[in-house]
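Take a look at the letters that make up each chain.
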Amino acid sequence: MGDAAHAVPPLGAFGMNTGIADAHNLAWKLAYVLRGEAGPGLLDTYGSERRPVAVMTMEQSLLRLSDAQLHWAPGMAAEQARVGAINAPVVHMGYRYGTPMSELPSMENPALDLDGSVGSRVPHLWVADGVSSLDLVGSRFTVLADAGDPVWASAGAQVIDGWPYGPLLVRPDGIVAWKATIPDALPTAMNDLLRR
């Protein structure tokens, strides 16, 4: 995991961020399997999720290594697009598990990529002074829903005023696991996600 599994050129801090995301992805899965709350097949998802992200990150780092201005110089969007360089914040946060980078809404603006799609990081929205929607997830599965949705509010979801993404089941690592439909479907979705 991390630098023990892959070494990335230092430009852009992509290596450390990739290693941290690797640990974040694997830690909750190990915990769930060791506690008997998930089947061992959950651990197989580590490689299928993280390997494409690590490969993409390596490619992006190598592009920048050949021309550091692609990373540091402002106003390089046209040149970045020409050579296939993705804006650094998108490399760090905008990827989606199970979706090629070429299919993301934006290679420039991570906010456009964090749209509540399955496999993406949960979108940030301020829910109170100093409290983000990210803070509501913690280290457990969490359903986030709009406060105006009485069905999900009564089902125990974390409700947020003005949440525009619909009900989302978020994994302990902050990745959207499922676009929720009805609360009755949640047990089946959890069993599928946890490979039980």
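Right above here is the structure, for reference.
Notes on the structure in this doc start here. Remember, predicted model here, so these are calculated numbers, not experimental data.

With that out of the way, let us pick up the overall build of the chain. Each helix and strand in the chain was counted, giving eight helices and six strands. Order of helices (α) and strands (β) in the chain, N terminus to C terminus: α-α-α-α-α-α-β-β-β-α-β-β-β-α. Taken over C-alpha atoms, the radius of gyration comes to 18 Å for the chain, in line with the 16 Å a tight globule of 196 residues would show. In terms of overall dimensions, the chain has C-alpha extents of about 55 × 35 × 30 Å along its principal axes.

Our focus in this paragraph is the layout of surface pockets. Leftover empty space is mapped by rolling, across the atoms, a probe with the size of a water molecule. Looking at the largest pocket, its volume works out to about 360 Å³. Lining the largest pocket we find 22 residues, and of these His 24, Arg 121, Leu 134, Asp 173 and Gly 174 sit closest to its centre. Mapped onto the lining of the largest pocket, the elements with two or more residues apiece are helix 1 (14-34) and helix 5 (88-94). Counting residues per element, the lining of the largest pocket draws most heavily on helix 1, which supplies five residues. The residue inventory of the lining of the largest pocket, partitioned by class, reads twelve nonpolar, seven polar and three charged.

Parameters at a glance
Every chain is numbered on its own, with residues counted from 1 as its sequence reads. At least 70 in pLDDT is required for a residue's local features to be given in this predicted model, at least 80 for side-chain atom pairs to be given and counted, and no such filter applies to totals for whole chains, interfaces and linings, which use all residues. Based on all heavy atoms of the structure, the side-chain values leave hydrogens and waters out of the count. The way it works is that DSSP assigns letters per residue, a run of H or I at least four long becomes a helix, a run of E at least two long becomes a strand, and they are numbered from the N terminus. Atoms considered for the radius of gyration are the C-alpha atoms alone. The globule rule reads 2.2 Å times the number of residues to the power 0.38. Think of a 1 Å grid over the protein atoms and nothing else: a 1.4 Å probe that fits but is trapped marks a cavity, an open set flanked by protein within 12 Å on at least five of seven lines marks a pocket, and residues with an atom within 4 Å of a point count as lining. Grid points are joined across faces, edges and corners, and a volume is the space filled by probe spheres set on the points. Polarity classes work like this: nonpolar for Ala, Val, Leu, Ile, Met, Phe, Trp, Tyr, Cys and Pro, charged for Asp, Glu, Lys and Arg, and polar for all others, with Gly in that last group.

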